[in-house]
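Chain by chain, the residues:
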Number of protein chains: 2
Amino acid sequence: MARPKTLTNRAELIIEAAEELFGRYGYERTSIEEIAKHLSIGKGSVYLDFRTKQEILFEILRRHATAIQDIFKERLNNISGSPLDALRKATEESVMTCYDRVSRDFHTPEALLHTSLEMKSHFKDFYVRKRELIIGFLNKAADAGEIKKEIANEETAKIIIMVTTTIFPPYLNCTEFNTPVTRELLQARASKLLLLLVNGLRHYKG
Amino acid sequence: MARPKTLTNRAELIIEAAEELFGRYGYERTSIEEIAKHLSIGKGSVYLDFRTKQEILFEILRRHATAIQDIFKERLNNISGSPLDALRKATEESVMTCYDRVSRDFHTPEALLHTSLEMKSHFKDFYVRKRELIIGFLNKAADAGEIKKEIANEETAKIIIMVTTTIFPPYLNCTEFNTPVTRELLQARASKLLLLLVNGLRHYKG
DNA sequence: TTATTGACCATTTGTAAAACTTAGTCAATA
DNA sequence: TATTGACTAAGTTTTACAAATGGTCAATAA
């Protein structure tokens, strides 16, 4: 008779425990043994679900990225009025979701900076999909006559991502110094920046 | 009888020597003694003109910043046609000048990243003046009827700086990976980004 | 028979002391 | 009085060692 599994959702529990401990003590200072102890399982069991410690971190980050992605996807599939407005609002919402998740998990600014730069290169796919979603919005905007058909392409999507880089972490802005980026400040900035992106200086109303 | 000065422009020569050596070996790996040796003067003489090593670095960086600032200033004072176009072209030019100076002096990407982040906080004034110059362009654009009078203010200038952050060093962009930022790539990006900034998605023609 | 475990190994990381480097000073010198 | 380079204090690298931890696997439990 085979030994029955004691936990059916162990991988899930490991993710949850890791997320809490990484958030509390940081990635480096949390050991696999701590995670196992937290769940009252053996250290070896963690390696039945994940091949490396980094794999756990990536899974956590992948979920954050996916959640933020889903905001875009959902908004793109439920456009009622102006597609351009929908893109603006979807970006605004994902900016704030990103902020909330990041400020919950990463406590020191350096950790955020390091992680962001380190990790970004591991999330190529994420950026490719984001670009495709933006192109989706642009196509709908072109159909609705809001923008020129010729600019509903990858190039424009890339520029949009560039323009909105500062409102995503790490928040490396130079307009204010020694001022921490509060939720309110970021929201105000993002809102204005996105309005400017849509209307341009020529038609921007503030 | 007092000993006569052997060098009248020693400070200037130190700056030049430091610029060359910092560029070749990096700031940390260049010692004050090396700089002195390079000019065949005593180590102590360097300290007659500069109180610290860092002061030399700051002076070099201050000159770069000023040169880039001057492009803006000159363009602002010689607007013939559209002020908005002038702002666009002034920014484009300063982006490229910045690139050229930075790629000449900093050889490794890490050095650039580190220096940029480290130094930015020491150049508050630079950003304040840049903001003022941008407000200058906005005021002229408002006078010319190109933009609404209400948006010719500091807030808008801040957003413009945010939007253009990615085309200034450190070039932390995520649209391409493993692709070094070449001069041509940056020029194309900056040009498109600035057109989009002026016209907005609604009126952007690519 | 198979899921689980924790002792075990190899590598990394932390630490403490010694050796070395260098920014900045200042009494001696030109 | 302008300049210097030996000197000092502070910091950095090196080295040697100890502790911690990521990952494996033979033994164990169901």
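So, a few notes on the structure that sits alongside this text. (Residues numbered from 1 in each chain as written. Chains lettered and ligands numbered in written order. Predicted model: local features only at pLDDT ≥ 70, side-chain atom pairs only at ≥ 80, totals over all residues. Heavy atoms only, no water.)

As for the relation of the copies chain B and chain A
- The transform that puts chain B on chain A rotates by 180 degrees and translates by 0.1 Å along the axis, for an RMSD of 0.2 Å. Here the transformation between the copies is reduced to the relation of a two-fold axis. For chain B, the smallest separation between a C-alpha atom and the rotation axis is recorded for glycine 200 of chain B, amounting to 1.7 Å.
- When the interface residues of chain B are mapped onto chain A, 100% of them again fall at the interface, so both copies present the same face. (Least-squares fit on C-alpha atoms with pLDDT ≥ 70 in both. Contact = heavy atoms within 4.5 Å.)

A few points about the interface of chain B and chain A
- On the side of chain A, 47 residues touch chain B, which itself brings 47 residues to the contact.
- Both sides of the chain B and chain A interface together cover about 4,400 Å² of buried area, and 70% of this is carbon and sulfur.
- The partner of lysine 192 of chain A in a salt bridge is glutamate 155 of chain B, with the nearest N and O atoms 2.8 Å apart.
- Along the contact surface separating chain B from chain A lie 13 residue pairs in polar contact (both at pLDDT 80 or more).
- Looking at the side of chain B that touches chain A, the elements with two or more residues in it are helix H5 (83-105), helix H6 (109-120), helix H7 (124-143), helix H8 (154-163) and helix H9 (183-203) of chain B.
- A per-element tally of the side of chain B that touches chain A places H9 of chain B first, with eleven residues.
- Class assignment for the residues of the side of chain B that touches chain A results in 23 nonpolar, eleven polar and 13 charged. (Buried area = accessible area lost by both parts, 1.4 Å probe. Salt bridge = Lys/Arg side-chain N within 4 Å of Asp/Glu carboxyl O. Polar contact = N/O pair within 3.5 Å; in protein donor to acceptor, adjacent residues only side chain to side chain. Helix = DSSP H or I, 4+ residues; strand = E, 2+ residues; numbered from the N terminus. Nonpolar A, V, L, I, M, F, W, Y, C, P; charged D, E, K, R; others polar.)

Examining the side chain of lysine 53 of chain A
Residues and elements named next belong to chain A.
- Tracing the chain through its elements places lysine 53 in helix H4 (residues 53-77).
- At 6.9 Å, glutamate 28 is the nearest oppositely charged side chain to lysine 53, a buried residue that forms no salt bridge.
- Among the polar contacts listed, one links the side chain of lysine 53 to the backbone oxygen of threonine 30, at a separation of 2.7 Å.
- Here lysine 53 is in contact with Phe22, Tyr27, Glu28, Thr30 and Ile32, once residues within four sequence places are set aside. (Buried < 20%, exposed > 50% of the residue type's maximum accessible area, 1.4 Å probe, protein only. Lys, Arg positive; Asp, Glu negative; His and termini not counted.)

Quick notes on the protein's contact with DNA strand D
- In the neighbourhood of DNA strand D, 22 residues make up the surrounding shell, with Ile32, Lys43 and Lys53 of chain A together with Arg10 and Ser45 of chain B lying closest.
- What you see for DNA strand D is that sugar and phosphate hold 62% of its atoms within 4 Å of the protein.
- The separation between a phosphate oxygen of DNA strand D and a polar main-chain atom of lysine 53 of chain A is 2.7 Å.
- In this structure, threonine 6 of chain B approaches DNA strand D through a side-chain N or O atom, which is 3.0 Å from a phosphate oxygen.
- Of all the elements in the fold, those that place two or more residues in the surface near DNA strand D are helix H3 (43-49) of chain A together with helix H3 (43-49) of chain B. (Near = heavy atom within 4 Å.)

A few points about the pattern of salt bridges
Residue and element names in this part refer to chain A.
- Going through the model one piece at a time under the given rule, you end up with 32 salt bridges over all chains.
- In this structure, arginine 88 engages glutamate 92 in a salt bridge whose closest nitrogen and oxygen atoms are separated by 3.9 Å. On the criterion of helical spacing, the pair formed by arginine 88 and glutamate 92 is a turn pair, its members being four residues apart in helix H5 (residues 83-105). Side by side, arginine 88 and glutamate 92 carry an identical accessibility label, which is buried.

A few points about the protein's contact with DNA strand C
- By nearness alone, 20 residues border DNA strand C, and Arg10 and Ser45 of chain A together with Lys43, Tyr47 and Lys53 of chain B come closest of all.
- Each atom of DNA strand C within 4 Å of the protein belongs either to a base or to sugar and phosphate, the latter forming 61%.
- The side chain of arginine 10 of chain A places a nitrogen or oxygen atom 2.5 Å from a phosphate oxygen of DNA strand C.
- Between DNA strand C and serine 45 of chain A there is a distance of 2.2 Å, counted from a phosphate oxygen to a side-chain nitrogen or oxygen.
- Tallying contributions element by element places H3 of chain A first for the surface near DNA strand C, with three residues.
- By residue class, the composition of the surface near DNA strand C is seven nonpolar, seven polar and six charged.

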